[in-house]
Every structure is written in C-alpha cells, then in structure tokens.
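Listed here are the chains, written in short residue letters.
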Amino acid sequence: MSLSYHDLPDEDLVRLCLIRGEKDDRPCAELFRRHQAMVLRACYGLVRNIQDAEDLMQEVFFRTFRVLGQFKGQSSFKTWLYRIALNTAKNEIRRRERRPKLIEAIWEDVFLEKTSTNISNSSGSIHDALSQLTVDERAVLLLKDVENYSYVEIAQTLEIGLSAAKMRVHRARMSLSSAYRQTEAENE
C-alpha cells in the first residue's frame with residue numbers, strides 16, 4: 001500500500017519535506033496544493049493586483065520551503081505560512097512606497113463576496129474606503145472577515161495577545177465604517 005500525501009496532516013508533510021529534501025518533492029507539492037489559494041488571497045488582499053499577488057504567492061512558497069526547518073510547530077503550519085505571506089506582502093508594499101507608484105487593482109470583490117457585511121451601495125465606495133485603511137488594518141480584516149480566522153489564530157499569526165487581536169479587528173472595522181461613511185458623504 002503506497003503512502004497517500006493527501007491524507008497526511010501538514011506537520012507530517014513538513015517533516016517529510018525536511019527528511020526527503022529534493023529526493024521527493026511530493027510532500028512540498030501537497031503543501032503547495034493545500035495552501036496556494038489561501039496564500040494568493042492573503043497576498044491579493046494586501047497588494048490588490050492579481051499578477052503581483054501570484055508573483056508574491058510564488059515568493060511566499062519559495063521563502064517558506066527555504067526556511068522550513070525553522071517551523072517549530074508552536075502554531076499550525078497554516079498560521080505560520082500565513083504569517084510569512086503577510087510579511088512578504090507587507091514588505092512588497094513598503095518597497096513600492098519607497099518607490100512612488102500607485103498600487104493598482106482592488107480587492108473589494110473578494111472582501112464583499114466573503115464577508116457578511118451588507119453594503120448595498122457601489123463597490124467604488126468600498127474601494128475608496130478600503131484604500132484609506134492602513135496595510136495593518138486591511139491585513140486584520142482579511143484575516144477575520146475573508147479567511148474567517150478565529151481571534152486566537154489572528155493573535156498567533158500577528159504574534160500579539162488575544163485582547164490585542166480583538167481590539168485590532170474592532171478598530172479596523174470601525175476605520176472601514178468611518179471611511180465608508182465619509183466616502184459616501186463625499187459622493188452625495
């Protein structure tokens with residue numbers, strides 16, 4: 001009976017990746033298959049451009065597999081990987097900000113589709129409101145409202161306390177609400 005990588009938990013796949021290295025890339029390929037959509041959403045949610053997000057996704061997995069030995073299992077592999085994705089995307093945004101250039105596309109389609117927020121007006125207003133948020137505010141909303149992370153998982157991902165995670169989500173939602181109302185008022 002052959003080993004099925006699809007049935008193994010992430011942590012076992014990580015161990016196999018480390019043990020087998022380049023001799024067998026199937027455990028790494030399975031980790032990529034399982035988590036590529038989540039990493040792509042995380043990157044897209046911050047850089048707001050699908051081509052850039054796809055490039056960043058590749059960079060995230062390249063970095064992840066390069067430092068896989070540093071995974072200690074203190075959090076889930078998914079949480080650890082998400083943290084790498086957020087940091088990679090934030091670094092890309094900082095790099096762009098040092099080089100004045102507008103960040104092109106929007107991510108409100110993902111946000112609106114996946115959230116329970118009932119905003120019936122134009123997505124342009126949402127885009128304008130989202131663009132007024134900081135990268136950290138967009139990141140925490142992405143974790144909570146798009147990826148449906150628990151507050152505990154958010155705290156682990158951001159390496160903060162549980163109450164700080166709850167407060168950041170609350171403040172980000174308040175910022176989005178305020179920015180949305182202001183955008184709507186300006187459009188009237």
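Conventions adopted
- Residues numbered from 1 in each chain as written.
- Predicted model: local features only at pLDDT ≥ 70, side-chain atom pairs only at ≥ 80, totals over all residues.
- Heavy atoms only, no water.
- Helix = DSSP H or I, 4+ residues; strand = E, 2+ residues; numbered from the N terminus.
- Buried < 20%, exposed > 50% of the residue type's maximum accessible area, 1.4 Å probe, protein only.
- Contact = heavy atoms within 4.5 Å.
- Areas by Shrake-Rupley, 256 points an atom, 1.4 Å probe, with all protein chains shown as cover.
- Phe/Tyr/Trp six-rings, centres within 6.5 Å; stacked < 30°, edge-to-face > 60°.
- Lys NZ or Arg CZ within 6 Å of the ring centre and 35° of its normal.
- Core = buried A, V, L, I, M, F, W, Y, C linked by side-chain atoms within 4.5 Å.
- Axes fitted to C-alpha atoms, helices over the stretch in contact; angles between N-to-C directions.
- Left-handed = near helix turned anticlockwise from the far one by under 90°.
- Nonpolar A, V, L, I, M, F, W, Y, C, P; charged D, E, K, R; others polar.
- Salt bridge = Lys/Arg side-chain N within 4 Å of Asp/Glu carboxyl O.
- Expected span 1.5 Å × (residues − 1).
- Polar contact = N/O pair within 3.5 Å; in protein donor to acceptor, adjacent residues only side chain to side chain.

Which parts of the structure should I look at to understand the overall build of the protein chain?
The secondary structure content of the protein chain amounts to nine helices and zero strands. Each helix and strand of the protein chain, placed in order from N terminus to C terminus, yields the pattern α-α-α-α-α-α-α-α-α. Across the 188 residues of the protein chain, 45% fall into the buried class. Contacts spanning at least 24 positions in sequence make up 64% of the contacts within the protein chain whose residues lie at least 6 apart. Put simply, the protein chain shows about 10,500 Å² of open surface, and 49% of that area lies on carbon and sulfur atoms.

Can you help me understand the packing of aromatic side chains in this one?
Aromatic rings considered in pairs are described by the distance between their centres and by the relative angle of their planes. Applying the stated criterion across every chain, the model contains six aromatic pairs. Arranged with centres 4.9 Å apart and planes meeting at 50°, the rings of Tyr 82 and Tyr 149 form a pair that is tilted. Here Tyr 82, found in helix α4 (residues 77-98), pairs with Tyr 149, found in the loop between α7 (135-146) and α8 (151-158); they are 67 residues apart in sequence, far enough to count as distant. For the pair shown, Tyr 82 and Tyr 149 are each scored as buried. Pairwise contacts between aromatic rings join Phe 32, Phe 61 and Phe 65 into one cluster. One cation-aromatic arrangement involves Lys 144 over Tyr 151; the distance from NZ or CZ to the ring centre is 4.1 Å.

I would appreciate a short explanation of the nonpolar core in the present structure.
Most often, soluble globular proteins have nonpolar side chains that are buried together. Val 39, Phe 77, Tyr 82 and Ile 154 are the most contacted members of the largest nonpolar core, which totals 52 residues. Val 39 has contacts with Met 57, Val 60, Phe 61, Leu 81 and Ala 85, leaving out every residue within four places of it along the chain.

I tried to follow the packing of α7 against α8 on my own but got confused; where do I start?
Helix-helix packing: each pair is described by the crossing angle between the helix axes and the interaxial distance. It is the contact of α7 with α8, at a shortest axis distance of 10 Å, that shows an interaxial angle of 145°. Both α7 and α8 take part in a crossing whose hand is right-handed. Two secondary-structure elements touch here, α7 through Val 140, Leu 143 and Lys 144 and α8 through Tyr 151, Ile 154, Thr 157 and Leu 158. Of the residues belonging to the contact of α7 with α8, the class tally is five nonpolar, one polar and one charged.

Would you explain unusual backbone geometry in this entry?
For residues besides glycine, phi is generally negative; the peptide bonds are generally trans as well. For Arg 48, which is not a glycine, the phi torsion comes out positive at approximately 60°. Along the chain, Arg 48 turns up in the loop between α2 (26-47) and α3 (50-66). One non-glycine residue, Asn 148, adopts positive backbone phi at about 60°. Tracing the backbone through its elements, the reader meets Asn 148 in the loop between α7 and α8.

When you look at the pattern of salt bridges in this model, what are you seeing that I'm missing?
Close approach of charged atoms lets side chains of opposite charge pair. Applying the stated criterion to the full structure yields 11 salt bridges. When the shortest N-O distance is used, the salt bridge between Arg 33 and Glu 30 registers 2.5 Å. Here Arg 33 and its partner Glu 30 are both found in helix α2, three residues apart, which amounts to about one turn of the helix. Taking the shortest distance from any N to any O, the salt bridge between Glu 159 and Arg 83 comes out at 3.6 Å.

Quick question: what am I supposed to make of α3 here?
Each α-helix turn comprises 3.6 residues. Residues three or four places apart therefore point the same way. For α3, with 17 residues, the first-to-last C-alpha span of 24 Å sits near the 24 Å given by 1.5 Å per residue. Burial in α3 covers these residues: Asp 52, Ala 53, Leu 56, Met 57, Val 60, Phe 61 and Thr 64. Near the N-terminus of α3, the side chain that reaches the backbone nitrogen of Gln 51, with its oxygen 3.0 Å away, is that of Asn 49.

What's the story with the environment of Arg 33 in this structure? I'm lost.
For Arg 33, a relative accessible area of 45% gives the class partly exposed. Along the primary structure Arg 33 and His 6 are separated by 27 residues, whereas in three dimensions their C-alpha atoms are 9.7 Å apart. A distance of 2.5 Å separates polar atoms of two side chains, one belonging to Arg 33 and the other to Glu 30.

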